[in-house]
Amino acid sequence: MDSKNKTAPENEDNCCDHEENNTEDNCCYNENEKIENEDNCCSQDPEKTIKTQDDYCDQKHEENDEQDDCCSHAHENSNDEHQGCACEQGILENIDSIEEKKSKKPLIILGIGIFIFVIGYFISTMSFNLFDLSTISDLSININQDIISQIIYLIVVLIVGPRIIKHGITSLLNKEVKIELLITIATFGAFLLGDGGEGATLMILFFLAEYLETYALDRSKRSLSKLVKLSPDVATVKRKIGNSGINNKFEEVEVNVKDLSIGDTVIVKPGDKIPIDGSIIKGITSVDQSSITGESLAVTKREGDEVYASTINEDGYIEIKVTKKSNETIFSKIIDLIKESEDKKAKIDLFIDKFARYYTPTVIVLAMLVAIIPTLIFKQPLNEWVYRALVLLVISCPCAIAISTPVSIVSAITAGTKNGIIIKGGEYIEALADIKAVMFDKTGTLTEGKLEISNINTLNNFKEKDMIEIACSLENQSKHPIAKAFNEYQKNNNIKSFKVENFKSIAGKGLKGEINQQTFYVGKKELFDYNENLKNDVNNLNLESQDIGKTSVIIGNENEILGFINLNDKIRENGPKTIEKLKDKSIETIMLTGDNSATAKNVAEKLGLDNYYPNLLPEDKVNIVEELGKEYKNIAMVGDGVNDTPSLARANVGIAMGMGGADVAVETADIVLMQDNISKVNYLIDIAKKTMGIIKQNIAIPLTVKSILAILGVIGYVSLWEAVLIGDMGLTLLVVANALRIGK
């Protein structure tokens, strides 16, 4: 295995991982480091940023310019029984109200229209004359079955199609080409050609097609709709009754979740959904967190543990102290990310949008030529070729093509959400399908990120008790993951803590502070470089040979080294299998870590990684990501900490560990693993490849079928009703059904 040491300190024997981080705090022990990290977080690749902005702008212009597309329809209000072509609606539009759409009005209208159409059809098969005007005048008009049936067919159109016709005329006045306009032209064209039955059939089938398309799309996103509604709107709050004196009396008050304030006490009884993010201040229970993590196994929660909105309290009475407002909860952020994901279109989706803009006008011009050229040049019957032109007009609508990508992307996002994965846009699904290398942060990503003190080693006859008290006192001032290990050890072993003065966090090295007017240092070996004697003493410790794979923290004062403490971080159980599956896909696996070479090598070998880079500061990680991006072209980065944020932003796809990760990393990442399960990376790549395969099918099939129908229509083998039944409704439903396979 090839180790490439791209470091700021070039010594591979770095003995302490004070850079790895899975919190929002300083990744290198220093308050100043925060500023450095924030700069790094903001210093994203200009090319990537500009590209993203351009894509966004292109998308917005396309949304405006797409008025030329026959499938871009304006939906004026929710009470309009004709909502416009389903393919032009935002797939995640009105996702909150999908389950509430239970109106039977469209079905009633359709039923009445079909009933009257059948009456007209039977009348057209009869032979009779009600009266003959030629007997009383010179007019030669017979009021027979043909005229009556045409009138009945016109009534059908007026019952089923008023909204369709209205949308069509509106689009014409706005100089837009929409499917409603094409259907309106084709319908009245059929009447003018003397075939009102076909015109009425066309309108009925289009009405049915729109209803079925909308129903199919709603079904494709129903899982997301259910997710949106998981969080309750009402919470039971425990509040003090007036001025009840020493014997405080409380009452339970139901309030809207939006009215909750940080610090409120919320009561959650067994079986109830937890309405807000908070920490348990009373009680113990099991909580079903599947709405957040996708994991159905309940988790035991005690006093001090965090709980999340939308999760279910299974079996215990608990009281929760509110820590976040309703619009700041993890669940609300998930919903926002899902709704915003449609704005980030895949490149193939943007291409289809542009294609549709030119496709429809081109076919309309061809339809006009079909009607004009044979009649003027070849003296063919006008009625016949106008009819064929109308057929071509109906076939021209690219509904199935336009919807092929967005419905597939939504299906993939839905599948991810069910598995505790938040995908922030289609462009990341497209990128994942072609990933060549995946880079992993170590602490909190490949490992559990929960360091534990494994052994304490004293030097120069210094007492173990005194040394651990000094180390814990200094670490109490920090919020670094290593500090958490010391704090936990102090709590479990009743370690005494001293007052620390003139505390300082030194970037990438460790901590410094005064206890009883004596200065102490806790951190990496580089922390003692200021003193040549101490530096030699540290090097003589030969820590890399002590216990490979362990992180060591050195404790000393200004005169001598007092000892060192080893900490361990457990590799995630599913880590080796995850790496193995990625390698089976011919994807390179690389670890980026701030740990010393010995620790990094040990972890890399246990996981079977292809490569690793040790001793990295946050800026070093970004440089490595840039280099690997040039080498592999399409890369993903998986991380969890503040120090990973710049790297997540710089990679083609940034994947963050959601539950244990820093907020800034989760916000920066393109995909969030809410379950903190790195095996989901394989699932993500599999679903991305499957999605892109189905998108290609959903584009190729409609294009092929429409091309065949267009040829058959021009030579007279396709009728108007066949054009809408097969070329519009049939293909659209086929595309939706194919997309639904993604989540199975």
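As annotated in an unreviewed UniProt entry, the protein chain carries the name Cadmium-translocating P-type ATPase and is attributed to Methanobrevibacter arboriphilus. Quoted verbatim from the Sequence similarities (unreviewed entry) heading of the UniProt record, the comment on the protein chain is "Belongs to the cation transport ATPase (P-type) (TC 3.A.3) family. Type IB subfamily."

To continue, consider the packing of helix α4 (residues 145-160) against helix α6 (residues 179-192). Put simply, α4 and α6 touch, their axes get as near as 12 Å, and they point 170 degrees apart. Here α4 is positioned roughly antiparallel relative to α6, judged by the angle of their axes. In this structure, α4 uses Q150, Y153, L154 and V157 to contact α6, whose residues at the interface are T187, F188 and F191. Partitioning the contact of α4 with α6 into residue classes produces 5 nonpolar, 2 polar and no charged.

As a further point, take unusual backbone geometry. The phi angle at S586 is positive, at roughly 65 degrees, despite the residue not being glycine. Here S586 is to be found in the loop between α19 (575-584) and β21 (588-592). Here S586 falls in the exposed class, since its relative accessible area comes to 63%. If you check the backbone angles, N615 has positive phi at about 55 degrees while not being a glycine. Following the sequence through the fold, N615 ends up in the loop between β22 (611-613) and α21 (618-632).

This part takes up the environment of M203. By the element assignment, M203 lies in helix α7 (residues 196-220). Note on M203: relative accessible area 0%, which makes it buried. On a C-alpha basis, the gap between M203 and E180 in space is 9.8 Å, while along the polypeptide they are 23 residues apart. Residue contacts for M203: discarding those within four places in its chain leaves V157, V160, G161, I164, I165, I183 and T187.

Regular strands show a simple pattern: their side chains alternate between the two faces of the sheet. Where strand β16 (residues 501-506) lies against strand β17 (residues 510-515), 4 bridges are found, and the strand directions are antiparallel. Paired with K504 across the bridge in β17 is K512. The loop that links β16 with its antiparallel partner β17 comprises 3 residues; one of these, G508, has a positive phi angle of about 70 degrees. Note that β17 and strand β18 (residues 518-523) share 6 bridges and pair antiparallel. From the neighbouring strand, G513 faces β18, where its bridge partner is F520.

A few words now on the packing of aromatic side chains. Aromatic ring pairs: the centre-centre distance and the angle between the two ring planes describe each pair. Under the definition given, this model contains 5 aromatic pairs. Aromatic pair F117 and Y153: ring centres 5.2 Å apart, planes at 35 degrees, arrangement tilted. Of this pair, F117 sits in helix α3 (residues 105-124) while Y153 sits in helix α4; the two residues are 36 residues apart in sequence, bridging distant segments of the chain. Each member of the pair F117 and Y153 is classed as buried. When the centroid spacing of 6.0 Å and the interplanar angle of 65 degrees are considered together, the rings of Y121 and F122 count as edge-to-face.

Quick notes on the rules
- Positions within a chain are numbered from 1, following the residues in the order the chain's sequence is written.
- Local features in a predicted model are, by the rule used here, given only for residues with pLDDT of at least 70; side-chain atom pairs are given and counted only at 80 or more, and totals for whole chains, interfaces and linings are based on all residues.
- Side-chain calculation: all heavy atoms of the structure are included, whereas hydrogens and water are not.
- UniProt positions are given in the numbering used here, feature names are shortened, and annotations may be inferred rather than shown by experiment.
- Axis lines are fitted to C-alpha atoms, over the contacting stretch for helices. Their N-to-C directions set the angle, which ranges from 0 to 180 degrees.
- In DSSP terms, a helix is any run of H or I states spanning at least four residues, a strand is any run of E spanning at least two, and both are numbered starting from the N terminus.
- Note on angle classes: values under 35 degrees are labelled roughly parallel, values over 145 roughly antiparallel, values of 65 to 115 roughly perpendicular, and the remainder oblique.
- Two residues qualify as a contact provided that any one of their heavy atoms is within 4.5 Å of a heavy atom in the partner residue.
- Ten residues, namely Ala, Val, Leu, Ile, Met, Phe, Trp, Tyr, Cys and Pro, are considered nonpolar, four, namely Asp, Glu, Lys and Arg, are considered charged, and the remaining ones, Gly among them, are considered polar.
- Three labels apply to residues, based on accessible area from a 1.4 Å probe with only protein chains included: buried if under 20% of the type maximum, exposed if over 50%, partly exposed otherwise in between.
- A pair of strands counts as paired when DSSP detects no fewer than two bridges linking them.
- Aromatic pairing here means that ring centres of Phe, Tyr or Trp (its six-membered ring) are within 6.5 Å. Orientation follows from the plane angle: under 30 degrees is stacked, over 60 is edge-to-face, and everything else is tilted.

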